[in-house]
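# Tertiary structure, described
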Amino acid sequence: MIKRFASWLHLWLGLMSGLVVFISLFAAAIFVWQEEWTGILHHDKVFVPTIGKTELSVDSLLMNAQRVESGREISYVTWYRDPRKAVVFDIVKPNPHPVWYYYHSAYLVNEQVYVDRYTGKVLGIVDNRSELIWKIYALHTCLLLKYEIGHYIVGVATIIIFVMAITGIILWWPKNKAAFKQRIWFRWKRTTRWRRKNYDLHNIGGIYTWVFILFFAATGLVWTFDWWEKGIYHLLGEQPEEMFREAKVKPADAVDYSFEGILKNATGRVPRWESVGLTFPETKTDSTQSLFCVVRYNTRSGWDEWDEYLYNSKNGSLYYSMTQSQKKLGEKWRTSNYAIHTGSIYGLPTKIPATLTALFCAFLPISGFLIWWGRKKKGSSKRKS
């Protein structure tokens, strides 16, 4: 009775979500390699032509980037420790009135300016709205629809994946030892028909990727449903309302300071830093703002490690910090969830399994449909005879 219900649920949930799962997961398998694709497609922008002896200050590089983006406000900078990499300035302006059918309309501006850290030369500008890799990202997260619509569709499909993984293990579960042996390895011969191979790939492949499927589904649901995120916090023994409590910036008198000074202050606290990012203050307001600085590093702890520092926009003084060691377990998980979900947490050793799992998950709706269609045709043939 349980298997019969699981079979019915597995079938209809699969038919309902199949197309969304295929599109989203196939896109995910490609986006895992976002950093590598960007380095290949924009090599002359990402990497400086010649490594110099002296690096210019971020303040002077900012002025050069601002010249080529006249009238647009630069909001963020990323500086890599790797001397081969250019300094990246971000200009992001969300569209207050996006259309519903295409992700491109989510931003009025979403560009990155690459500047040579030694000469100050602008190496190029990348418009992320037209970049293929970011369209693939949008395909994975919201099916190229308006985010508020598309990410719920993907989220519901992810819940369905979660349920189907449970019903799938119920259907796979063997009755005896002999059946168990048949369901953990491929026993193909030259005469084995493609329908049998497809069935085995769906079932045997599913059992070997089962844990990964549940894992990636669980980490993916965090961005869609608040109740799921809060549930994981509780599972880790944390209270959601106590996570990421930051001190508020206080009004202050204006004092001259440099962004270069802020970056050096932050990186000086982390000897083995790999990259540092800093937000710039909005120029259209005179109010005191928080300058958010993130210093990333890697001590092989198993987490995506970064320290957070907040500076006062009026005088450049540090007024709040949270290091990786100060984070609670829930905060460590939440700041690492993206790297865990995309498989980038350990680099190549985790990116490859993430890619293979995503590709296999994209294939499952197709193989499942072929199994169902084959059985349906077989049943029709029997009735006719």
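Here is what the cut-offs are and how they apply
Residues numbered from 1 in each chain as written. Predicted model: local features only at pLDDT ≥ 70, side-chain atom pairs only at ≥ 80, totals over all residues. Heavy atoms only, no water. Helix = DSSP H or I, 4+ residues; strand = E, 2+ residues; numbered from the N terminus. Contact = heavy atoms within 4.5 Å. Lys, Arg positive; Asp, Glu negative; His and termini not counted. Charge placed at Lys NZ, Arg CZ, Asp CG, Glu CD. Pairing = 2+ DSSP bridges. Disulfide = S-S within 2.5 Å. Buried < 20%, exposed > 50% of the residue type's maximum accessible area, 1.4 Å probe, protein only. Phe/Tyr/Trp six-rings, centres within 6.5 Å; stacked < 30°, edge-to-face > 60°. Salt bridge = Lys/Arg side-chain N within 4 Å of Asp/Glu carboxyl O. Axes fitted to C-alpha atoms, helices over the stretch in contact; angles between N-to-C directions. Parallel < 35°, antiparallel > 145°, perpendicular 65-115°, else oblique. Left-handed = near helix turned anticlockwise from the far one by under 90°. Nonpolar A, V, L, I, M, F, W, Y, C, P; charged D, E, K, R; others polar.

On to the overall build of the protein chain. In terms of regular secondary structure, the protein chain is built from 13 helices and eight strands. With the principal axes as the frame, the protein chain shows a C-alpha extent of 90 × 45 × 40 Å. Residue pairs at least 24 apart in sequence account for 63% of intrachain contacts in the protein chain once pairs closer than 6 positions are excluded. Here the protein chain contributes 49 positively and 32 negatively charged side chains, and the mean placements of these two sets differ by 20 Å.

Bringing the pairing of strand β8 (residues 318–322) into the picture now. Here is the key point about a regular strand: its side chains alternate between the two faces of the sheet. Alignment of strand β7 (residues 305–312) against β8, held across four bridges, turns out to be antiparallel. Counterpart to leucine 310 in the pairing with β8 is tyrosine 320. The antiparallel hairpin formed by β7 and β8 contains five residues in its connecting segment, where glycine 316 sits at a positive phi of about 75°.

At leucine 144, a position not held by glycine, the phi torsion is positive, near 65°. Assignment of secondary structure puts leucine 144 in the loop between α5 (132–142) and α6 (147–172).

Attention now moves to the state of the cysteines. Throughout the structure, instances matching the rule amount to zero disulfides. The thiol sulfur of cysteine 142 is not disulfide-bonded, and the nearest other cysteine sulfur, from cysteine 361, lies at 20 Å. Taking relative accessible area as the criterion, cysteine 142 reaches 0% and is therefore assigned buried.

Counted according to the given criterion, the structure contains 22 aromatic pairs. When the ring of phenylalanine 369 is compared with that of tryptophan 373, the centres are 6.0 Å apart and the planes differ by 15°; the resulting orientation is stacked. Here the residue phenylalanine 369 and the residue tryptophan 373 both occupy positions in helix α13 (residues 348–384), the gap between them amounting to four residues, near one helical turn. A relative accessible area of 39% means that tryptophan 373 is categorised as partly exposed. A network of ring pairs unites the aromatic residues Tyr152, Phe162, Phe225, Trp227 and Trp228 as a single cluster.

This part is about the pattern of salt bridges. Between side chains of opposite charge, a pair can form when the charged atoms approach closely. Inspection of the entire model under this criterion finds 13 salt bridges. Arginine 72 is the partner of glutamate 111 in a salt bridge, and the nearest nitrogen-oxygen pair spans 3.0 Å. Here the residue glutamate 111 occupies a position in strand β3 (residues 107–115), and arginine 72 occupies one in the loop between α4 (58–68) and β1 (76–80), the gap between them amounting to 39 residues.

With that settled, the discussion passes to the pairing of strand β4 (residues 122–127). As judged from the five bridges shared by β3 and β4, these two strands associate in the antiparallel manner. Its bridge partner lying in β4, valine 113 is registered against isoleucine 125.

Contact pair helix α1 (residues 2–31) / α5: the axes reach a minimum separation of 8 Å and the direction vectors enclose 140°. In terms of orientation, α1 and α5 fall into the oblique class. The crossing of α1 and α5 is left-handed. Judged by residue contacts, Ile23, Ser24, Ala27, Ala28, Ile30 and Phe31 of α1 engage Ile133, Trp134, Ile136, Tyr137, Leu139 and His140 from α5. Across the contact of α1 with α5, the residue classes break down as 10 nonpolar, two polar and no charged.

By themselves, these are just geometric observations and shouldn't be taken as functional.
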